[in-house]
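Examining the three-dimensional arrangement
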Amino acid sequence: SMLEQLMMSLSMLVFTAMVISLGTSVYAAQRITFQILSFGWMPGFAFAVAATTLTGQAMGAGQPAAAVRATWMATAYATLFMTLFSVVVFIFSEPIAGIYTADPGIKSLAGEAMRILALALPGFALTFVLQGGLRGAGDTRFPMWVTGVSSWLVRLPAAWYFGIHLGFGLAGMYWIFLAETTLRLSVTFWRYQVGKWKEMEV
């Protein structure tokens, strides 16, 4: 889990460095976007911890069915809260950005970026919580590898290619962010549904 978070943090550092290369206004828009959406990620992190804890307890008691119920309940709540947040951000993206800046160019860039990332929030919710369930069962390596591979071998090269090389800018980089989140969700969902985590010994 520590290595997973380290790889994620370092990949975001590289992603930010690429954004900085696009200019001060673009970087300002990116900072505003992440400042706002960091609030939207909180329910996902919180319910992921809940899924980890409840899954660990249920598996320790020899009740894998209870672990599945707990994880899907946590997933439902996380998805509900993060979807509601994403709807608000999507509709009011530019007025929200206006809280941080009066510059119309930055406000427009931040608004567009927030609308794209708002679409990714429900996927983040599902991914966070399902990975939390896997960790609770002792399947910690799989989330680490999925996060590492998707961040370093998919998101960063594709974000550079579309955002910088082809000139699609911040919006292009965030569309890649959305696509990478969808890919990570699909692989994580498959892993959870296969159910190998039910056979692991911790």
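See above for the structure.
A few points on the structure. Fair warning: this is a prediction, and the values are worked out from it, not measured in the lab. (Residues numbered from 1 in each chain as written. Predicted model: local features only at pLDDT ≥ 70, side-chain atom pairs only at ≥ 80, totals over all residues. Heavy atoms only, no water.)

Points about helix α5 (residues 104-136)
Rule in force here: Each helix is a run of DSSP H or I of at least 4 residues and each strand a run of E of at least 2, with the numbering of both proceeding from the N terminus. Here a helix's expected span is defined as the number of its residues, less one, multiplied by 1.5 Å. Working definition for bend: take the seven residues up to and ending at a residue and the seven starting at it, fit an axis to each, and measure the angle between the axes. Nitrogen and oxygen atoms within 3.5 Å of one another constitute a polar contact, given that in protein one can donate a hydrogen and the other can accept it, and given that sequence-neighbouring residues count only through two side-chain atoms.
Given a rise of 1.5 Å per residue, 33 residues ought to cover 48 Å, and the 46 Å separating the end C-alpha atoms of α5 matches this to within 8%. Remark: the principal bend of α5, roughly 35 degrees, maps to L121, with a proline, P122, within the next four residues. Here α5 starts with a cap whose side-chain oxygen sits 2.8 Å from the backbone nitrogen of G105, and that cap is D103. At the exit of α5 stands G138, carrying a positive phi of roughly 95 degrees.

Some words on helix α6 (residues 141-165)
For α6, spanning 25 residues, the distance from its first C-alpha to its last is 33 Å, which sits close to the expected 36 Å at 1.5 Å a residue. Along α6, the helix axis deviates most sharply at S151, where the bend reaches about 30 degrees. Looking one or two residues past α6, G167 carries a phi angle of roughly 85 degrees, positive in sign.

Here's the deal with the side chain of T127
Cut-off, in case you're wondering: In this description, contact between two residues means that some pair of their heavy atoms is separated by no more than 4.5 Å.
If you trace the backbone, T127 turns up in helix α5. Of the polar contacts made by the side chain of T127, one reaches the backbone oxygen of G123; its length is 2.8 Å. If sequence neighbours within four positions are ignored, T127 has contacts with T181, R184, L185 and T188.

Some words on the pattern of salt bridges
Side chains that differ in sign of charge can pair as their charged atoms come close. Counted only if it meets this: One speaks of a salt bridge when a side-chain nitrogen belonging to Lys or Arg is within 4 Å of a carboxyl oxygen belonging to Asp or Glu. For every residue, the accessible area obtained with a 1.4 Å probe (protein chains only) is divided by the maximum for its type, and the residue is called buried under 20%, exposed over 50%, and partly exposed between those limits.
Applying the stated criterion across every chain, the model contains 4 salt bridges. For D139, the salt bridge goes to R191, with nearest N and O atoms at 2.9 Å. Of this pair, D139 sits in the loop between α5 and α6 while R191 sits in helix α7 (residues 169-194), placing them 52 residues apart in sequence. Judged by its relative accessible area of 3%, D139 falls in the buried class.

Re the packing of helix α2 (residues 24-60) against α7
Applicable threshold: Note on definitions: angles span 0 to 180 degrees between N-to-C directions of axes, and those axes are lines fitted to C-alpha atoms, for helices only across the stretch in contact. Three categories are distinguished: nonpolar for Ala, Val, Leu, Ile, Met, Phe, Trp, Tyr, Cys and Pro, charged for Asp, Glu, Lys and Arg, and polar for the others, with Gly belonging to the last.
At a closest axis distance of 11 Å, the pairing of α2 and α7 adopts a crossing angle of 35 degrees. Facing α2, whose interface residues are V26, A29, Q30, T33 and F34, α7 presents L170, Y174 and F177. By residue class, the composition of the contact of α2 with α7 is 6 nonpolar, 2 polar and no charged.

Overview of the packing of aromatic side chains
Selection criterion: To pair, rings of Phe, Tyr and Trp, with the six-membered ring standing in for Trp, must have centres within 6.5 Å; the planes then decide the type, stacked if under 30 degrees apart, edge-to-face if over 60, and tilted in the middle.
Applying the stated rule across the entire model yields 17 aromatic pairs. With 6.1 Å between their ring centres and 55 degrees between their planes, F34 and Y174 make a pair best called tilted. Taken together, the residues span a long stretch of sequence, with F34 in helix α2 and Y174 in helix α7 at a distance of 140 residues. Summarising the burial analysis for this pair, F34 and Y174 share the class buried. Ring plane angle 25 degrees and centroid distance 5.5 Å describe the contact between F124 and F128, whose orientation is recorded as stacked. Of this pair, F124 and F128 both sit in helix α5, separated by 4 residues, roughly a single helical turn. Of the residues examined, F128 reaches a relative accessible area of 12% and is grouped as buried.

Some remarks on the nonpolar core
Going by this rule: Here, nonpolar core means buried Ala, Val, Leu, Ile, Met, Phe, Trp, Tyr and Cys residues that are tied together by side-chain atoms lying within 4.5 Å of each other.
Counting residues in each nonpolar core, the largest one holds 43 residues, and the members touching the most others are F15, F124 and Y174. Those elements that provide at least two residues to this core are α1 (2-20), α2, α3 (64-91), α4 (93-97), α5, α6 and α7. Ranked by the residues each element gives to this core, the list is headed by α5, at 13 residues. Once residues within four sequence positions are removed from consideration, F124 is found in contact with W41, M82, F177, T181 and R184. In terms of nonpolar packing, the next biggest core, distinct from the first, is built from 11 residues, M59, A67, A137 and V146 among them.

Observations regarding a nonpolar patch on the surface
What counts here: To count toward a patch, a residue needs a relative accessible area above 30% and no salt bridge. Like charges then connect within 9 Å, nonpolar side chains (Val, Leu, Ile, Met, Phe, Trp, Tyr) within 5 Å. Using a 1.4 Å probe, accessible areas were evaluated by the Shrake-Rupley method; residue-level cover was limited to the displayed protein chains.
On the surface, M2, L3, L6, L10, L13, V14, W145, V149, W152 and L153 cluster together to form a nonpolar patch covering roughly 1,000 Å² of accessible area. Breaking the nonpolar patch down by element, the ones donating at least two residues are α1 and α6. Top contributing element to the nonpolar patch by residue count: α1, with 6 residues. On the accessibility criterion, L3 (46% relative accessible area) is partly exposed.

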